[in-house]
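# Notes for the structure review
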Amino acid sequence: MSRDTLELIARTLEPPRGGAWHGGATPVGALRGVKAAEARWVPAPKRHSIWALTLHIAYWKYAVRRHLEPVEIPRFPRSPSNWPALPSVPDEAAWKADRALLALEHAELMRAVRGFDPAKLKRRAPRKRRWTYGELIIGVLAHDVYHTGQIQLLKRLWSEE
């Protein structure tokens, strides 16, 4: 695969002017204006909140980047990793920090994707064996779109509360 293919993937992960091809927001963009109480709200028992989805998206950006980076990177700062624990009550400072974590993980993933050797996209990632690097990158893109849609839906449900 070529550098152009990798750049196309990168532009889809981080569209110009923040508008994704489907007309919706990116994960970071979807959180603009969301306050801690709204982010922590769950529509029903055993469902995820915007806050939980935010950290989940951040974790998977980290997880994919971990495979793309040529060096060992520090552990994800929240635990448990895939669905980190949330504060029991909404806290604006904690929410701001977790939104910043998502923005940071997105920026780090974009740096890793843009610096990745496109000749390796069809190779299997050593620690993943089942998936190629290209599948991991496109997978995190699909993951973003899926969970951003959930965030947008939760925002609408909150506004109707």
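For the structure itself, consult the block above.
Summarised in this report is the structure supplied together with it.

Rules used in this analysis
Residues numbered from 1 in each chain as written. Predicted model: local features only at pLDDT ≥ 70, side-chain atom pairs only at ≥ 80, totals over all residues. Heavy atoms only, no water. Salt bridge = Lys/Arg side-chain N within 4 Å of Asp/Glu carboxyl O. Helix = DSSP H or I, 4+ residues; strand = E, 2+ residues; numbered from the N terminus. Buried < 20%, exposed > 50% of the residue type's maximum accessible area, 1.4 Å probe, protein only.

### Focus: the pattern of salt bridges
If you walk through the whole model with that rule in mind, you get nine salt bridges. Among the ionic pairs, Asp144 bridges to Lys61, the shortest N-O distance being 2.7 Å. Here the residue Asp144 occupies a position in helix H6 (residues 133-159), and Lys61 occupies one in helix H4 (residues 50-68), the gap between them amounting to 83 residues. For Asp144, a relative accessible area of 4% translates into the label buried. Relative accessible area serves as the criterion here: at 1%, Lys61 is assigned to the buried category. When the shortest N-O distance is used, the salt bridge between Arg65 and Glu69 registers 3.7 Å. For the residue pair Arg65 and Glu69, the accessibility class agrees, reading buried in each case. Each of the salt bridges in this network shares a partner with another, and the network as a whole consists of Arg65, Glu69, Glu105, Glu108 and Arg111.

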